[in-house]
Amino acid sequence: MNCIQELSTLNERYDIHPQAILKTDLLRRGLRFSENALVQSAHFKEKSYFIFSFDMVEQKELTKSERHSAPEEIALNGGPLDFSRTIVSVRLNPNSPYLVEWKDDHFELYCGEEFLAEVSLNERPAYYKHNLKNGKPVSDIAPTIEWGYLIYLTAFRVCQYWGEKEECQFCDINNNYRQQKRVRSYTGVKDIEDVLEAFEIINEFDTERHSTAYTVTGGSITSELSGLNEGQFYAQYAQAIEDRFPGRWLPKAVVQALPLDEVKMLKDSGYQIYHPNYEVWDPKLFSQICPGKDRYVGRNEWIKRIVDAAEIFGASNVIPNFVAGIEMSQPGGFTSVEAAVKSTREGLDFFMSKGILPRFTVWCVEPNTVLSRTNTEPAPLEYYIHLLQSYREAYIEHAMPTPPGYGAPGLGKAVFSVSAFMDVLPEERPSQSFDSNTHNYSSDNISPS
Ligand code: SF4
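Rules behind the numbers
Residues numbered from 1 in each chain as written. Predicted model: local features only at pLDDT ≥ 70, side-chain atom pairs only at ≥ 80, totals over all residues. Helix = DSSP H or I, 4+ residues; strand = E, 2+ residues; numbered from the N terminus. Rg over C-alpha atoms; globule rule 2.2 N^0.38 Å. Buried ≥ 20, exposed ≤ 12 C-beta atoms within 10 Å, placed from the backbone. Contact = placed C-beta atoms within 7 Å. Expected span 1.5 Å × (residues − 1). Pairing = 2+ DSSP bridges. Axes fitted to C-alpha atoms, helices over the stretch in contact; angles between N-to-C directions. Parallel < 35°, antiparallel > 145°, perpendicular 65-115°, else oblique. Left-handed = near helix turned anticlockwise from the far one by under 90°. Nonpolar A, V, L, I, M, F, W, Y, C, P; charged D, E, K, R; others polar. pLDDT = per-residue confidence, 0-100. Arc of directions from axis to C-beta.

## Some points on the overall build of the protein
So, point 1. Regarding its fold elements, the protein presents 14 helices and 15 strands.
So, point 2. In terms of C-alpha radius of gyration, the protein reaches 21 Å, essentially the compact-globule figure of 22 Å for 449 residues.
So, point 3. Seen through its C-alpha atoms, the protein measures out along the principal axes to roughly 60 × 55 × 45 Å.
So, point 4. Residues classed as buried in the protein amount to 52% of the 449 residues present.
So, point 5. Taking the contacts inside the protein whose residues are at least 6 apart along the sequence as the reference set, 74% of them involve residues at least 24 apart.

What follows is the structure, given as structure tokens:
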């Protein structure tokens with residue numbers, strides 16, 4: 001079956017638009033660029049390796065131009081299926097069937113000989129042209145993703161869950177840090193003064209205010225880092241940014257499911273959105289795939305902390321991520337698409353019934369992860385498309401609001417680039433804020449002032 005036929009078949013079976021299906025497949029299988037395309041893409045916004053590698057080969061297996069000239073994201077447009085703008089994070093894979101080619105003065109996407117879509121790239125923003133005083137590029141300290149919408153601040157590029165008995169088995173954060181250090185400026189622990197300087201540069205040169213939110217995240221801190229526990233460590237960044245630029249961006253924290261006192265610390269420092277990721281719903285798979293989290297916290301306590309965080313942030317501002325597809329990884333994962341989606345849907349219904357809206361990223365098999373030893377392929381494309389359908393169905397059934405901090409939902413509007421969940425949601429709905437005094441929800445879209 002050719003690629004367009006497969007998109008059409010899945011579209012008919014699951015009522016998911018072909019552009020969301022293609023986006024998903026590009027994320028799960030990666031893409032490659034011709035040499036001519038890389039020569040041209042070098043003029044655009046480059047891939048910053050904002051936290052993990054997300055590539056399907058190591059840096060040393062890429063050519064120099066792939067390492068330094070591949071773009072952060074591509075946007076699909078037009079083509080035989082008349083796509084509206086679809087933004088996709090770039091995950092490099094020299095063996096991918098998907099190729100971006102430079103033809104007649106523009107970029108095009110192919111699968112084999114089949115032309116799929118026009119491709120456009122994001123301009124290199126003015127703030128990427130100004131280094132910090134210490135010479136570090138803004139793209140190291142405060143890169144932007146999601147077509148410039150989100151500043152992604154990985155404050156700590158290492159995780160204290162260390163080695164295969166503790167690290168999440170799909171995650172390459174520690175190994176990625178080691179490989180990136182050899183090829184680009186890549187700061188392990190970000191100094192707050194450097195962060196403020198980078199934000200100052202963005203604020204000055206992002207005159208049209210494309211950057212709207214920032215995420216502070218990084219590896220887990222199981223003991224202390226610079227004498228601070230995880231809540232204290234990540235709180236200091238929002239505190240400093242909000243003191244200097246009050247309300248300029250919407251602050252979000254992606255950290256562990258923390259005890260309530262640390263969650264409160266995060267809220268008091270200025271964060272408005274809390275992402276305590278739960279990775280995978282099935283209890284057996286959670287302990288197998290996230291052995292560190294299982295041993296230090298335990299799955300039941302982990303889930304309880306996510307639910308309890310709604311008291312502090314308001315349910316609709318607690319947005320836990322799961323890594324879609326790892327529930328089909330082997331050994332031990334589900335072997336049928338139906339069973340995998342059924343398990344994950346159970347988790348969606350659990351959280352959504354409490355007003356908490358999970359979101360997901362698409363798992364790809366990165367080398368240097370434990371799962372790459374036993375998995376050469378991610379979950380089947382059909383799993384992801386069935387999941388998108390089930391996710392949208394649960395979202396509608398539970399009457400969930402549009403998640404704050406993700407930009408607009410819908411085809412042609414979504415900017416979230418590492419899964420198509422925002423592409424398939426219906427039109428914008430008001431977020432609900434939670435009043436912890438009255439324990440009531442009220443409509444109140446959260447956005448930076
Ligand atoms: S907690 Fe797990 S997913 Fe998060 S950085 Fe550490 S190893 Fe990676």
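## Digging into helix H2 (residues 18–29)
So, point 1. Here H2 is twelve residues long and its end C-alpha atoms lie 16 Å apart, about the 16 Å a rise of 1.5 Å per residue gives.
So, point 2. Of the positions making up H2, those classed as buried are Pro-18, Gln-19, Ala-20, Ile-21, Leu-22, Lys-23, Thr-24, Asp-25, Leu-26, Leu-27, Arg-28 and Arg-29.
So, point 3. Within two residues after H2, Gly-30 carries a phi angle of roughly 75°, on the positive side.

## Thoughts on the sheet that holds strand E9 (residues 213–218)
So, point 1. Within the open sheet, the five strands sit side by side as E7-E8-E9-E10-E11. Their pairing is mixed. Because the sheet does not close on itself, it has two edges, and the strands there are strand E7 (144–145) and strand E11 (273–276).
So, point 2. Where E9 meets strand E10 (residues 250–255), five bridges bridge the pair, whose relative direction is parallel. For Tyr-214, the partnering residue across the bridge sits in E10 and is Pro-251.

## As for the sheet that holds strand E1 (residues 32–33)
So, point 1. The strand order across the open sheet built from six strands is E1-E4-E5-E6-E2-E3, with neighbouring strands paired in mixed fashion. The open sheet has two edge strands with one neighbour each: E1 and strand E3 (83–89).
So, point 2. Sheet topology note: the E1/strand E4 (residues 98–103) ladder contains two bridges and is parallel. In the sheet register, Arg-32 faces E4, and the bridge partner there is Leu-99.
So, point 3. Strands in contact with H2 are strand E2 (73–78), E3, E4 and strand E6 (114–121); relative to E3, the strand with the most contacts, it is inclined by about 20°.

## A few points about the environment of Asp-55
So, point 1. Checked against the element boundaries, Asp-55 lands in the loop between helix H3 (35–41) and helix H4 (64–69).
So, point 2. Considering only alpha carbons, one finds Asp-55 and Thr-187, 132 residues apart in sequence, at a separation of 19 Å.
So, point 3. When neighbours within four sequence positions are excluded, Asp-55 is seen to be in contact with Gly-30, Arg-91, Leu-92, Asn-93 and Glu-366.

## Focus: the packing of H2 against helix H14 (residues 381–397)
So, point 1. In the contact formed by H2 and H14, the axes pass within 10 Å of each other and the chain directions differ by 130°. Considering the angle they form, H2 stands oblique to H14. For the pair H2 and H14, the crossing hand works out as right-handed. Taking contact as the criterion, the partners of Ala-20, Ile-21, Thr-24, Asp-25 and Arg-28 in H2 are, on H14, Leu-381, Tyr-384, Ile-385 and Leu-388.
So, point 2. Among the residues forming the contact of H2 with H14, the class breakdown is six nonpolar, one polar and two charged.

## Some thoughts on the confidence of the model for the protein
Parts of the prediction with low pLDDT should not have their coordinates interpreted in detail.
So, point 1. With 95% of its residues at a pLDDT of at least 70, the protein reaches an overall mean of 95.
So, point 2. Under a pLDDT of 50 for its full length, residues 433–445 has, in the predicted model, 21 contacts with residues more than four places off or in other chains.

## Some details on the pairing of E3
So, point 1. For E3, the buried fraction is high: five of the seven residues fall into the buried class.
So, point 2. Across five bridges, the pairing between E2 and E3 is antiparallel. Counted as the bridge partner of Leu-76 is Thr-86 from E3.
So, point 3. The hairpin turn running from E2 into E3, its antiparallel successor, is four residues long, and Gly-79 in that turn takes a positive phi close to 80°.

## A word on the pairing of E2
So, point 1. In this sheet, E6 lies alongside E2 in antiparallel orientation, the contact comprising four bridges. Looking across to E6, one finds that Asn-77 is bridged to Glu-118.

## A short note on unusual backbone geometry
So, point 1. Going from Gln-330 to Pro-331, the amide bond is cis rather than trans, its omega being 5°.
So, point 2. Within the secondary structure, Pro-331 is located in the loop between strand E12 (321–324) and helix H13 (337–352).
So, point 3. Backbone geometry at Asp-15 places phi at a positive 55°, although glycine is not the residue there.
So, point 4. Assessed through the 12 C-beta atoms surrounding it within 10 Å, Asp-15 is described here as exposed.

## Quick look at H13
So, point 1. Compared with an ideal rise of 1.5 Å per residue, which puts 16 residues at 22 Å, H13 spans 22 Å between its outermost C-alpha atoms and is within 8% of the ideal.
So, point 2. All of the buried residues along H13 are Ala-340, Val-341, Thr-344, Leu-348 and Phe-351. Summarising the axial view, the buried residues of H13 lie within an arc of 90°, below the 170-degree limit, and thus occupy one face. Residues of H13 that are exposed and point over 90 degrees away from its buried face: Glu-338 and Glu-346.
So, point 3. Buried positions along H13 lie against H14.

## A short note on the environment of Ser-226
So, point 1. On the secondary structure map, Ser-226 appears in the loop between E9 and helix H8 (230–244).
So, point 2. Each C-alpha atom, one on Ser-226 and one on Val-189, is 9.9 Å from the other, the two residues being 37 residues apart in sequence.

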